[in-house]
Amino acid sequence: MSDSRAAILGRIRQSLRTAHLPDAGDLPALDLTGLRRPVRSGLVDQFIAALEAVGGEVVRAAGADEGRARLLELLWQSDAREALVWPDEELPFPIGEALRTAGVAPVFARLDGDPVRRQAQLEALDRPAVGVTGALAGLADTGSVALLSGPRRPMTASLLPLTHVALLREGDIVADMATFLAPETGFLGRNPVSARNLVFITGPSRTADIEMVITRGVHGPRRVVVVIVT
């Protein structure tokens, strides 16, 4: 060990011997009761404002029929002939038959665990114009949507396409992260066995280079649209 490294480590050890670290009993208790109280008033408007502030888009729909119609409009805008989607059972309302009737082929991404076959499957998918997923919840304070992945809920549908459309029930919009994580809301109790990871998506993908030039869509979707269904 070099003399300089030994001297640095010696100073660190000496500081730790004299440092005062408070016991847990010395710290004030945090009261999260107010944060965890479900508040419906104004949550949807707050969610929309927060999402639009970071470049996301919101479409509102009154029921499943209007939700399907709004989704088809988004697909036509993107000139999509196919869409990378979650199965109907994992969405707030079924879309498969409506897509096929409109001439849009639903594609279900099922990736192999073997790295070589998985890479070949990803290359075969190329980069679809649109991906459609459900959303476990929406956070009103940040405009984020929570996605819980699983065998039938691949994250490729939200990461790979240029446009990600998330279908979100209005009743699943909560005030903030503390409310979402609170046991009484029950969000984390859904599909606990099949769940692989939980992600929070806040607007389109942004990447900055060393000159701080922002580019959208490099590491994820260029466009994020949340369809809120009552």
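Above this text sits the structure in question.
Let me sum up the structure you'll find in this document. The model shown is predicted, which means the values in this text are computed figures rather than measured ones.

1. Here we look at the overall build of the protein chain
Item 1. Broken down by element type, the protein chain carries 8 helices and 12 strands.
Item 2. In the protein chain, buried positions account for 38% of the 230 residues.
Item 3. Taking the contacts inside the protein chain whose residues are at least 6 apart along the sequence as the reference set, 73% of them involve residues at least 24 apart.
Item 4. Within the structure as shown, the protein chain displays about 13000 Å² of accessible surface, and the carbon and sulfur contribution to it stands at 56%.

2. A word on the pairing of strand β4 (residues 130-134)
Item 1. With respect to burial, β4 is a largely interior element, 5 of its 5 residues being buried.
Item 2. The pairing of strand β2 (residues 82-85) with β4 spans 3 bridges and is classified as parallel. Within the sheet, the bridge partner assigned to A83 lies in β4 and is V130.
Item 3. Where β4 lies against strand β7 (residues 163-169), 5 bridges are found, and the strand directions are parallel. Bridge pairing links G134 to L167 in β7.

3. Here's the deal with the sheet that holds β2
Strand pairing in a sheet takes place through backbone hydrogen bonds and is either antiparallel or parallel in direction.
Item 1. Pairing within the open sheet is parallel, and its 6 strands lie in the order β1-β12-β7-β4-β2-β3. Sheet topology places β1 (57-61) and β3 (105-107) at the edges, where each strand pairs with a single neighbour. For this sheet, the mean angle separating the axes of adjacent strands, direction not counted, is 25 degrees.
Item 2. Summarising the sheet, β2 and β3 pair through 3 bridges and their orientation is parallel. Across the sheet, the residue bridging to E82 is A105, located in β3.
Item 3. Here helix α3 (residues 43-53) sits on the sheet and contacts β1, β7 and β12 (223-229); the angle it forms with β1, its principal contact strand, is near 150 degrees.

4. Brief notes about the nonpolar core
Item 1. Of all hydrophobic cores here, the largest spans 44 residues; its most connected members are F47, L75, I95, V165 and I228.
Item 2. Of all the secondary structure elements, the ones that give two or more residues to this core are α3, β1, α4 (64-77), β2, β4, β6 (144-148), β7 and β12.
Item 3. Each residue touching I228, except ones within four places of it in the same chain, is listed here: V44, F47, I48, V58, V59, R60, A61, L168, E170 and I173.
Item 4. Within the second largest apolar cluster, 8 residues are counted, among which are L136, A137, A146 and L148.

5. What to know about unusual backbone geometry
Working note: non-glycine residues mostly have negative phi, and peptide bonds are mostly trans.
Item 1. Even without glycine at this site, D79 takes up a positive phi of about 55 degrees.
Item 2. Within the secondary structure, D79 sits in the loop between α4 and β2.
Item 3. We classify D79 as exposed; its relative accessible area is 52%.

Cut-offs and rules
Residues numbered from 1 in each chain as written. Predicted model: local features only at pLDDT ≥ 70, side-chain atom pairs only at ≥ 80, totals over all residues. Heavy atoms only, no water. Helix = DSSP H or I, 4+ residues; strand = E, 2+ residues; numbered from the N terminus. Buried < 20%, exposed > 50% of the residue type's maximum accessible area, 1.4 Å probe, protein only. Contact = heavy atoms within 4.5 Å. Areas by Shrake-Rupley, 256 points an atom, 1.4 Å probe, with all protein chains shown as cover. Pairing = 2+ DSSP bridges. Axes fitted to C-alpha atoms, helices over the stretch in contact; angles between N-to-C directions. Core = buried A, V, L, I, M, F, W, Y, C linked by side-chain atoms within 4.5 Å.

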